[in-house]
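# A structural walkthrough
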Amino acid sequence: MATLPPNFTLLQVVPRLDAGGVERTTVDISRAVVEAGGRSLVASEGGRFEGELADGGGELVRLPVASKNPLTIWSNIGRLKRLIRAETVSLVHVRSRAPAFSALRAARRCGVPSISTYHGVYNARSDLKRWYNGVMTRADHVIANSDYTRRHVLDAYDLPPERITAVARGSDLARFDPAAVSPDRIAAARAAWGVGPDDGRTLFLLAGRLTRWKGQGLLVEAADRLKAQGRDDFVVVMIGDDQGRTAYRAEIEAMIGRAGLSPQVRLAGHFDDMPAAWLAADVAVAPSLEPEAFGRTAVEPQLMGRPVIVAGHGAPLETVLDGETGWRFPPGDAGALADRMAQAIEAGEQGRGAMGQAGLARARRLYSLDAMIEATFAVYRDVLERAVLAR
């Protein structure tokens with residue numbers, strides 16, 4: 001079991017607690033800290049995961065840490081200093097750039113060690129943006145969520161390699177266990193998407209917030225190419241929040257309508273029961289136009305025994321083995337994506353099942369929640385020990 005020093009109090013700082021990999025990791029680490037006998041504080045503006053945070057023993061401290069307003073960022077330094085001192089915080093762990101400006105400065109002023117996590121690979125098209133992104137390297141230690149992200153940070157910044165550790169995102173193997181999902185949950189997922197119980201078409205599932213770089217438009221284009229080949233033996237479901245991007249949602253809906261794909265492609269909105277969602281699908285698709293720093297939607301379906309089609313860049317090059325646990329295609333290439341979808345259809349239930357079982361065994365070994373927690377706690381212990389030696 002992962003261990004922590006006595007009287008340990010962790011303060012994580014994250015803009016919001018809505019659905020997403022950053023938020024999920026925050027809640028998972030919070031629960032693990034409490035289970036290990038520590039205390040967990042999360043400074044955030046809150047969101048959908050507030051209840052789960054509380055259920056796991058975590059304490060929400062509502063602060064305006066999502067703001068990029070310089071005055072608010074400056075005011076947050078004082079707010080976080082008071083919090084760190086009042087609650088005798090042992091370690092500050094910041095998970096986003098804007099709050100990092102406040103949290104790292106507050107931690108230094110209080111003499112408390114700090115950690116930052118790169119959950120993404122940030123674009124830097126100017127020196128100012130590079131400086132802004134670089135705030136994440138100013139913690140005492142940096143965690144990268146994949147080897148790909150670690151290489152990117154080392155290439156972009158003058159950071160000693162020993163100050164950055166790759167810790168892969170972990171999933172709860174009890175939650176993502178095919179045997180733990182009832183047939184009723186699977187049926188409920190398909191019903192929510194308008195897919196009948198006797199629909200024998202191959203179901204492709206893209207899960208991710210509605211934003212252009214996630215590749216929803218590319219998947220619609222690939223579906224159009226399959227239709228042009230005379231295929232009607234597939235259905236595409238895309239789930240996820242638009243998070244206010246109503247114009248992009250309307251754009252995707254218009255693409256579907258123009259192509260006459262309404263019987264085969266649908267936007268289904270937010271869906272909570274992801275283990276059931278992956279089992280309700282035959283194949284997962286992660287067609288991101290930009291490299292994924294980790295990409296849990298390429299790992300979670302493998303844990304549920306489903307093969308994955310991924311764009312061949314970023315961390316999915318680590319998490320998906322081409323031809324063994326899924327298929328890769330050149331990023332942004334709708335024709336190649338359509339070809340991989342056709343291969344998945346033609347593999348049949350037996351072929352897809354064999355590939356899914358290979359992915360399940362590998363993902364359980366490499367991407368468990370326990371492995372992530374132990375690796376993260378090892379970083380915590382090391383940083384705290386070094387802080388004591390430096391005094």
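Residues numbered from 1 in each chain as written. Predicted model: local features only at pLDDT ≥ 70, side-chain atom pairs only at ≥ 80, totals over all residues. Heavy atoms only, no water.

## Section: empty space enclosed by the protein
Keep this limit in mind: Space inside and on the surface of the protein is sampled on a 1 Å grid over the protein atoms alone, with a cavity defined as a set of points where a 1.4 Å probe fits but cannot get out and a pocket as an open set with protein on both sides within 12 Å along at least 5 of 7 lines; lining residues have an atom within 4 Å of a point. Grid points are joined across faces, edges and corners, and a volume is the space filled by probe spheres set on the points. Only Asp, Glu, Lys and Arg are considered charged in this grouping, and only Ala, Val, Leu, Ile, Met, Phe, Trp, Tyr, Cys and Pro are considered nonpolar; every other residue, Gly among them, is considered polar.
Evaluation of the coordinates by the stated rule reveals one cavity of 30 Å³ or more. Considering the residues around the largest cavity, the lining is formed by Leu206, Ala207, Gly208, Lys214, Val285, Ala286, Pro287, Ser288, Glu292 and Thr297. Of the residues that constitute the lining of the largest cavity, the class distribution is five nonpolar, three polar and two charged.

## Quick look at helix H4 (residues 97-110)
Worth spelling out the cut-off: A run of DSSP states H or I qualifies as a helix once it reaches four residues; a run of E qualifies as a strand once it reaches two. Both are numbered from the N-terminal end. Expected span of a helix, by definition, is 1.5 Å for each gap between consecutive residues, and there is one gap fewer than residues. Note on classification: 1.4 Å probe, protein chains only; a residue is buried when its accessible area is under 20% of the maximum for its type, exposed when over 50%, partly exposed between these limits. A contact between two residues is defined here by any heavy atoms of the two lying within 4.5 Å.
Under the 1.5 Å per step criterion, the end-to-end length of H4 is 20 Å for 14 residues, consistent within 8% with the ideal 20 Å. Counting buried positions along H4 gives 11 out of 14 residues, so the element sits mostly inside the fold. Regarding H4, the residues found buried are Arg97, Ala98, Pro99, Ala100, Phe101, Ser102, Ala103, Leu104, Ala106, Ala107 and Cys110. Here the buried face of H4 lies against strand E1 (9-13), helix H3 (70-86), strand E4 (91-94), strand E5 (114-118) and helix H5 (127-133). Note on H4: the residue one or two positions beyond its end, Gly111, has a positive phi of about 70°.

## Describing a positive patch on the surface
Worth spelling out the cut-off: Patches here are clusters of residues that have more than 30% relative accessible area and form no salt bridge, with a 9 Å joining cutoff for like charges and a 5 Å cutoff for nonpolar side chains (Val, Leu, Ile, Met, Phe, Trp, Tyr). A 1.4 Å probe and the Shrake-Rupley method give the accessible areas. Residues count as covered only by the protein chains that appear here. Within this document, salt bridges are pairs made up of a side-chain nitrogen of Lys or Arg and a carboxyl oxygen of Asp or Glu, the two lying within 4 Å of each other. Charged residues are defined narrowly, with Lys and Arg counted positive, Asp and Glu counted negative, and His plus the chain ends left uncounted. The atoms used to mark charge sites are NZ of Lys, CZ of Arg, CG of Asp and CD of Glu.
Side chains of Arg105, Arg108, Arg109 and Arg138 sit close together on the surface and give a patch of like positive charge. Following the sequence through the fold, Arg108 ends up in helix H4. Overall, Arg108 belongs to the exposed group, its relative accessible area being 52%.

## Concerning the environment of Gly56
With respect to the helices and strands, Gly56 occurs in the loop between helix H2 (50-55) and strand E3 (59-62). Residue classification places Gly56 among the buried positions, given a relative accessible area of 11%. Taking C-alpha positions, Gly56 is 20 Å from Met274, a pair spaced 218 residues apart along the chain. If we skip the residues at most four places from it in the chain, Gly56 touches Arg31 and Val34.

## A word on the side chain of Ser146
Definition in use: Identification of polar contacts relies on pairs of N or O atoms within 3.5 Å, with a donor-acceptor requirement for protein atoms, meaning one able to donate a hydrogen and the other able to accept it, and with residues adjacent in sequence counted only if both atoms are side-chain atoms.
Counting through the fold element by element, Ser146 comes out in the loop between strand E6 (141-144) and helix H6 (147-156). For Ser146, a relative accessible area of 3% translates into the label buried. Side-chain polar atoms of Ser146 contact the backbone oxygen of Ala293, separated by 2.5 Å. Those residues within four positions of Ser146 in sequence are excluded, and the remaining contacts are Ala166, Val167, Ala293, Phe294, Ala315 and Glu318.

## Observations regarding the pattern of salt bridges
Per the stated rule, a full pass over the model turns up 18 salt bridges. Note that Arg39 and Glu59 form a salt bridge whose closest N and O atoms lie 2.8 Å from each other. Here the residue Arg39 occupies a position in strand E2 (residues 39-44), and Glu59 occupies one in strand E3, the gap between them amounting to 20 residues. Ionic pairing is found between Glu300 and Arg296, a salt bridge with its closest N-O pair at 3.3 Å. Residue Glu300 and its partner Arg296 are located together in helix H11 (residues 296-303), separated by four residues, close to a single helical turn. Accessibility expressed as a relative area gives 3% for Glu300, which makes it buried. One continuous salt-bridge network, built from bridges that share partners, spans Arg24, Asp28, Glu52 and Arg169.

## A closer look at the sheet that holds strand E12 (residues 308-311)
To keep it simple, the criterion reads: We treat two strands as partners when DSSP finds at least two bridges between them. Throughout, an axis means a line fitted to C-alpha atoms (over the contacting stretch in the case of helices), and angles, computed between N-to-C directions, take values from 0 to 180 degrees.
The sheet built from six strands is open, its strands ordered E10-E9-E8-E11-E12-E13 with parallel pairing. The open sheet has two free edges, formed respectively by strand E10 (265-269) and strand E13 (326-329), since each of these has just one partner strand. Averaged over all adjacent pairs, the angle separating strand axes in this sheet is 25°, with direction ignored. With three bridges joining them, strand E11 (residues 283-286) and E12 adopt parallel strand pairing.

## Concerning the sheet that holds E1
The strand order across the open sheet formed by seven strands is E3-E2-E1-E4-E5-E6-E7, and the pairing between neighbours is parallel. Across the chains shown, the open sheet's two edge strands, defined by having one partner strand only, are E3 and strand E7 (164-166). On average, each strand axis in the sheet is inclined to that of its neighbour by 25°, with strand direction left out of account. Both E1 and E4 contribute to a ladder of four bridges, which runs parallel. If you follow Gln12 over to E4, its bridge partner there is His93. Of the strands in this sheet, E1, E2, E3 and E4 touch H3, which is tilted by about 160° from E1. Against the sheet, H4 touches E1, E4 and E5, its axis set at about 165° to E4.

## What about the pairing of E4?
Consecutive side chains along a regular strand alternate between the two faces of the sheet. The following threshold applies: Crossover handedness is defined by viewing with both strands directed away from the observer: a clockwise path from the first strand over the helix to the second marks the crossover as right-handed.
Burial along E4 is two-sided: the face carrying Leu91 and His93 and the face carrying Val92 and Val94 are both buried. For E4 and E5, the ladder comprises three bridges, and the chain directions are parallel. Across the sheet, residue His93 finds its bridge partner in E5, namely Ile115. Read as a crossover between parallel neighbours, the route from E4 over H4 to E5 is right-handed.

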